[in-house]
Amino acid sequence: MSSDRPPGDVETLGGALEWKAQTAPDRRFFRYDEWETHAELNRAVNTVANGLSSRGVDVGDTVCLFMYNSAEYVHLYFALAKLGAIVAPIDTRFTGETLAAALSKSEAETIFVDERTREAYEEVRADLPNVTSEYFVGRRRDRPYRSFESLLDADGDRAPAADPGQADTVSVTFVQRRATEQPKGVRLPQYSYVNTGWEVATDLFGFGPDDRIFTTLPLYSIFTFQLGVVGALFGDAEFVCSDPFDPDTYWRHVGDCEATVILYLGRLLSVLYNRSTGPEPAAETVGMAIGHGFGFGTDETLIREFESRFDITVLEGYGVTQTSTIATYNTPDDRRIGSSGKPVSYADVEVVDEDDWPVDAGESGEIVIRPKRPNTMLQGYLNEPEQTVEVCRNQWIHSGDIGYKDEDGFVYFIANEDNSIYRGRIAGRVSSLEIQGVIDAHPSVRESVVVGVENRSGTEEIKAVVIPEDDAEAALSPIDVYRHSKRSLPYLKVPRYIEIRTEIPRSPTGKIRRKRLREGGVGSAWDREAGYEFSQ
């Protein structure tokens with residue numbers, strides 16, 4: 001479109017909304033329950049911002065949003081940005097100690113909850129002496145909560161007096177790579193929202209006035225807000241968000257709003273494909289599905305089948321919160337199915353070994369990213385300088401994810417460190433999930449978990465823990481699993497150790513305790529190098 005960079009005078013999230021309210025005031029823009037134009041949204045945001053200001057929320061103050069999708073969520077997000085305050089969007093899946101840790105680390109004095117998050121919040125409230133102002137968003141309110149509506153008697157015709165700059169922190173998003181670790185707060189600057197929104201609207205996907213972007217993804221995800229909300233804002237497109245994903249109603253919502261673009265993360269597209277046996281009439285208006293996390297090496301087939309059935313172009317990308325949600329992307333004009341695309345215009349992306357030296361094309365290593373434009377990515381972890389230095393060593397943001405580049409510069413995601421095994425400097429890391437997928441395809445296997453166990457050289461050997469189907473428990477042997485794996489995997493990825501169990505250790509919430517399996521080492525597992533005759 002017009003420029004590689006946003007207009008020079010638009011440097012903040014609130015400034016972007018003000019600009020659209022002035023240049024296209026009557027253009028319809030946002031809908032949760034009801035449509036709002038740019039001007040209507042801007043006025044609602046000013047009202048909330050001035051209401052918050054009159055109640056003591058000031059520049060630099062952090063406010064937690066522990067809520068599900070709603071119009072109020074968007075109003076609050078922009079309002080806090082205009083105030084120069086910091087929004088902390090809290091993952092609604094957080095509960096107990098994890099939720100308490102995130103809320104405490106935020107140092108926020110103000111929090112907004114709704115009917116669906118109130119119970120989880122109240123279970124940890126006593127552990128949060130920093131929180132002094134509690135607001136409830138919804139129709140019913142009980143003490144001690146203040147009503148969101150109490151903010152709506154302020155002036156909506158004027159913007160708040162605050163004047164934040166592009167380098168000021170606008171959000172702190174708490175991320176948790178492993179269930180066993182404490183969440184860390186990723187600080188992002190105002191300009192990162194402007195930059196990502198502009199990039200996706202112009203350079204990547206060409207959003208325009210005829211586009212309507214629909215998603216059920218949560219607004220606490222910066223992918224949803226930066227790519228969806230701000231991307232639509234800069235593209236003069238419309239943005240529609242709904243309640244959490246329900247495969248039984250998803251296509252009806254898509255059809256009702258006549259979406260042209262849908263946003264996805266994780267396995268959402270796989271679920272939709274597996275629940276449908278033919279073309280979906282409600283998908284007829286949709287041209288693109290934009291997201292990342294469809295999966296791994298097998299996704300080339302999945303994507304082709306999804307595109308064939310629904311006639312929708314799937315555009316996979318890669319990014320982490322620290323890179324302002326995107327680092328690489330396929331585009332309609334330049335894509336390679338199965339890859340995560342090429343680096344965006346403002347990012348350098350490399351694949352490196354354990355010493356941070358770039359590896360050759362086709363070799364796996366850690367994906368690292370750095371910005372080519374200031375104020376577009378991670379400012380640091382909130383109050384965790386040592387973690388910031390570790391993640392940003394050698395002037396690269398270390399993603400912890402494993403992948404490789406092909407000779408044309410397309411990046412391929414393999415796995416994150418928690419789902420990969422280090423096989424040595426030459427071999428690099430391999431995906432434990434890929435190996436699990438092969439083992440699980442054995443007709444006598446109900447479930448498997450693949451982990452790395454450290455050997456004397458400091459690398460890892462592959463161990464598979466296998467749960468047989470109930471009727472195959474006595475018949476399935478480690479040698480059966482080995483032979484099956486050898487037929488479908490290169491030798492480097494075939495498990496050395498195989499253990500047949502009746503169950504897999506899990507946490508109270510059902511998550512597999514991979515750490516326990518790794519720390520348990522070889523144990524009593526069968527060893528293919530201890531007496532098995534490979535000619536069999």
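Because the structure is predicted, anything quoted here is derived from the model rather than measured.

Enquirer: Explain the packing of aromatic side chains residue by residue, including any values.
Expert: The relation between two aromatic rings is expressed through the spacing of the ring centres and the mutual angle of the planes. A full pass over the atoms with the stated rule returns 21 aromatic pairs. Their ring planes at 65 degrees and their centres at 5.5 Å tell us that F245 and Y250 sit as a pair that is edge-to-face. Of the residues examined, Y250 reaches a relative accessible area of 1% and is grouped as buried. Plain terms: the ring middles of Y404 and Y412 are 4.7 Å apart, the flat faces sit at 0 degrees to each other, and that makes the pair stacked. Members of the aromatic cluster, connected to one another through ring pairs, are F214, F245, Y250, W251, F306 and F310. Directly above the ring of W35 sits R28, whose terminal nitrogen or CZ lies 4.1 Å from the centroid. Seen from the ring of W396, R370 lies directly overhead, with NZ or CZ sitting 3.9 Å from the centre.

Enquirer: Can you break down the environment of R335 residue by residue, with the values?
Expert: Mapped onto the fold, R335 is located in the loop between strand 15 (328–329) and strand 16 (342–343). In this structure the C-alpha to C-alpha distance between R335 and C392, which are 57 residues apart in sequence, comes to 29 Å. Beyond its immediate chain neighbours, meaning those up to four positions away, R335 contacts E307, T313, V314, L315, N330 and F410. Here the side chain of R335 touches E307 through a polar contact of 2.7 Å, side chain to side chain. Reaching out from R335, the side chain makes a polar contact with the backbone oxygen of V314 at a distance of 3.2 Å.

Enquirer: Give a description of the packing of helix 3 (residues 71–83) against helix 7 (residues 222–234) that names residues and reports values.
Expert: Helix 7 packs onto helix 3 with a crossing angle of 80 degrees between their chain directions and a minimal axis gap of 13 Å. Between helix 3 and helix 7, the crossing angle belongs to the class labelled roughly perpendicular. Residues V74, Y77 and F78 of helix 3 pack against I222, F225 and V229 of helix 7.

Enquirer: So, the environment of E40: which residues are in play, and what are the values?
Expert: Tracing the sequence through the fold places E40 in helix 2 (residues 38–54). Residue E40 is classed as partly exposed on the basis of its relative accessible area of 43%. Sequence spacing of E40 and D26 is 14 residues, and the spatial spacing of their C-alpha atoms is 8.2 Å. Polar side-chain contacts of E40 include one of 2.9 Å to the backbone nitrogen of T37.

Enquirer: Now, about the side chain of T331: what can you tell me, with residues and values included?
Expert: Here T331 is to be found in the loop between strand 15 and strand 16. At 3.1 Å, the side chain of T331 forms a polar contact with the backbone nitrogen of D334. Leave out the neighbours within four places in its chain, and T331 touches L204 and L315.

Enquirer: Quick rundown of the pairing of strand 3 (residues 62–66)? Include the residues and the values.
Expert: Along strand 3, five of the five residues are buried, which leaves the element largely enclosed by surrounding structure. One ladder, built from four bridges, connects strand 3 with strand 4 (residues 86–89); its direction is parallel. Of the residues in strand 4, the one forming a bridge with T62 is I86. Note that the unit made of strand 3, helix 3 and strand 4 has a crossover that is right-handed.

Enquirer: So what's going on with the nonpolar core? Which residues, and what values?
Expert: For soluble globular proteins, the rule of thumb is that nonpolar side chains tend to be buried together. F112, F205, F207 and I290 are the most contacted members of the largest nonpolar core, which totals 84 residues. Sorting elements by how many residues they give to this core places helix 3 first, with 10 residues. Those residues in contact with I290 that sit more than four places away from it in its chain are F205, F207, F223, L227, V261, I262, L263, Y264, L315 and Y329. Counting 23 residues, the second-largest nonpolar core is a separate cluster that includes C257, A259, L268 and A282.

Rules used in this analysis
Residues numbered from 1 in each chain as written. Predicted model: local features only at pLDDT ≥ 70, side-chain atom pairs only at ≥ 80, totals over all residues. Heavy atoms only, no water. Phe/Tyr/Trp six-rings, centres within 6.5 Å; stacked < 30°, edge-to-face > 60°. Buried < 20%, exposed > 50% of the residue type's maximum accessible area, 1.4 Å probe, protein only. Lys NZ or Arg CZ within 6 Å of the ring centre and 35° of its normal. Helix = DSSP H or I, 4+ residues; strand = E, 2+ residues; numbered from the N terminus. Contact = heavy atoms within 4.5 Å. Polar contact = N/O pair within 3.5 Å; in protein donor to acceptor, adjacent residues only side chain to side chain. Axes fitted to C-alpha atoms, helices over the stretch in contact; angles between N-to-C directions. Parallel < 35°, antiparallel > 145°, perpendicular 65-115°, else oblique. Pairing = 2+ DSSP bridges. Right-handed = clockwise from strand over helix to strand, strands pointing away. Core = buried A, V, L, I, M, F, W, Y, C linked by side-chain atoms within 4.5 Å.

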